[in-house]
Structure formats: structure tokens, C-alpha cells
Amino acid sequence: MICPYCGFEDSRVVDTRDIGRTIRRRRECRRCGKRFTTYEQVALTVSVVKRDGRREPFDREKVMRGLRIACAKRPIPTESIERIVDRVEEFVFSQGKAEIPSRDIGNLVLEQLRQVDPVAYIRFATVYLQLPDLDAVRREIDRLITSGSG
Ligand SMILES: [Zn+2]
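Residues numbered from 1 in each chain as written. Predicted model: local features only at pLDDT ≥ 70, side-chain atom pairs only at ≥ 80, totals over all residues. Heavy atoms only, no water.

## Digging into the sheet that holds strand β4 (residues 47–49)
Next, step 1: Strand order across the open sheet formed by 3 strands is β5-β4-β6, with mixed pairing between neighbours. Lying at the two open borders of the sheet, with one neighbouring strand each, are β5 (55–57) and β6 (99–101). Neighbour to neighbour, the strand axes of the sheet diverge by 35 degrees on average, direction disregarded.
Next, step 2: Sheet topology places β4 next to β6; 3 bridges connect them, and they run parallel. What sits directly across from Val-48, in β6, is Ile-100.
Next, step 3: Here helix α3 (residues 102–116) sits on the sheet in contact with β4 and β6, set at roughly 60 degrees to β6. (Pairing = 2+ DSSP bridges. Helix = DSSP H or I, 4+ residues; strand = E, 2+ residues; numbered from the N terminus. Axes fitted to C-alpha atoms, helices over the stretch in contact; angles between N-to-C directions. Contact = heavy atoms within 4.5 Å.)

Quick look at the structure:
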């Protein structure tokens, strides 16, 4: 498997997981040391259907990037973020469907994030739910506080 960062042809498998009809391998390049993910599956790819109807292949790293931005400078361990991404990935590949709406993925991220860090949740929700103004943000915060105490 060729390293997507430096093109080296030898990598070490650091983690193997069976997620439904897919086997995911985390690999580490033996030259540059960067990690990347490969999927092994039976002629099955999952496309994410975006709001505007366009489709793109599910990309774990993209979910991770969005989460890192939402969680920036918050006291959230990297493992917590990885766990959320793992859940999302398992969800996507365990559906046995060729396509998943992006909102299903976003909602799942929000659900998980809410339990991890309220500020990161609001950040993610502001972008993801496209909250148009402060009132909408406030409603979301109210909802969060209400469900948190209830
Ligand atoms: Zn490399």
C-alpha cells in the first residue's frame, strides 16, 4: 500500500477492525511515519449524499477535520475525537447501504459531541446546522441546557 503522503511502498498495519462488511486498517508508513487508513470491502463503497444532492465517497479524515475544528482549544482528548469518528464510521458501513445522507452523519456527530463537550457541540452545530443568527444559536443552547438538566 503506497503512502499517500510520501509515496513510499512499505507500511506497517497498526490496527485492524472488522466493521460490518468492511475491514479497516490503520497503517503507518515505514519511511515518514504518517498514518493513513485503508478499507477492504466486497465491491461496496458508501457515498455520502450532500445537501445539494452531490455525492462523494465517505471520508473518515474529513469527519475528523470537522471535529478537530469544533474541538480546537477545548479540553477534549484526541481519543474522544477518534472514538466519535469510529462510531460514525461504523454507522456508515454497518447500514449495508450504498448511500448515506450527510445529515445522518452530522446528526450522529452532534449526538456524540453533545455528551463530550457543550462548547464544541455548539461550534459544530453552528456550522453544520447552518444556524443563521444569534437567536438560533441561543435556542440551540437552551435546548442543550434543558436536555442536560432533564
Ligand atoms: Zn510516507
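## Description of the coordination of the zinc ion
Next, step 1: Binding of the zinc ion to the protein goes through Cys-3 (SG), Cys-6 (SG), Cys-29 (SG) and Cys-32 (SG), at separations of 2.2 to 2.4 Å.
Next, step 2: One way to put it: the 4 donor atoms around the zinc ion meet at angles of 107 to 115 degrees, and that makes the site tetrahedral.
Next, step 3: Between consecutive donors of the zinc ion, the numbers of intervening residues give the motif C-x2-C-x22-C-x2-C.
Next, step 4: Take Cys-3: its relative accessible area is 3%, and that puts it in the buried class. (Donors = N, O, S within 2.8 Å, 3.2 Å for Na, K, Ca; no water. Tetrahedral: all angles 85-135°; square planar, octahedral: opposite > 155°, others 65-115°. Buried < 20%, exposed > 50% of the residue type's maximum accessible area, 1.4 Å probe, protein only.)

## Comments concerning helix α1 (residues 60–71)
Next, step 1: The first and last C-alpha atoms of α1 sit 16 Å apart over 12 residues, in line with the 16 Å expected at 1.5 Å per residue.
Next, step 2: Every buried residue of α1 is listed here: Arg-60, Val-63, Met-64, Leu-67, Ala-70 and Cys-71. Angular distribution of buried residues about the axis of α1 spans 125 degrees; they occupy a single face of the element.
Next, step 3: Buried residues in α1 make contact with β2 (22–29), β3 (35–41), α2 (78–94), α3 and α4 (118–128).
Next, step 4: Where α1 ends, the next residue or the one after it, Lys-73, has phi of about 60 degrees, a positive value. (Expected span 1.5 Å × (residues − 1). Arc of directions from axis to C-beta.)

## Notes on the pairing of β3
Next, step 1: Where β2 lies against β3, 7 bridges are found, and the strand directions are antiparallel. When the sheet's bridge partners are listed, Arg-27 is paired in β3 with Phe-36.
Next, step 2: In this structure, the hairpin formed by β2 and β3 is closed by a connection of 5 residues, where Gly-33 is found at a positive phi of approximately 80 degrees.

## Focus: the domain arrangement of the chain
Next, step 1: The domains assigned to the chain are domain 1 (10–44) and domain 2 (46–149).
Next, step 2: Just the C-alpha atoms count here: the centres of domain 1 and domain 2 sit 23 Å apart.
Next, step 3: Both faces combined, the contact of domain 1 with domain 2 buries some 870 Å², and carbon together with sulfur accounts for 47% of it.
Next, step 4: Counting every contact that joins domain 1 to domain 2 gives 5 residue pairs in polar contact (both at pLDDT 80 or more).
Next, step 5: Every element with two or more residues in the side of domain 1 that touches domain 2 is listed here: β1 (11–19), β2 and β3.
Next, step 6: Split by residue class, the side of domain 1 that touches domain 2 holds 3 nonpolar, 3 polar and 4 charged. (Domains from an automatic or database assignment. Buried area = accessible area lost by both parts, 1.4 Å probe. Polar contact = N/O pair within 3.5 Å; in protein donor to acceptor, adjacent residues only side chain to side chain. Nonpolar A, V, L, I, M, F, W, Y, C, P; charged D, E, K, R; others polar.)

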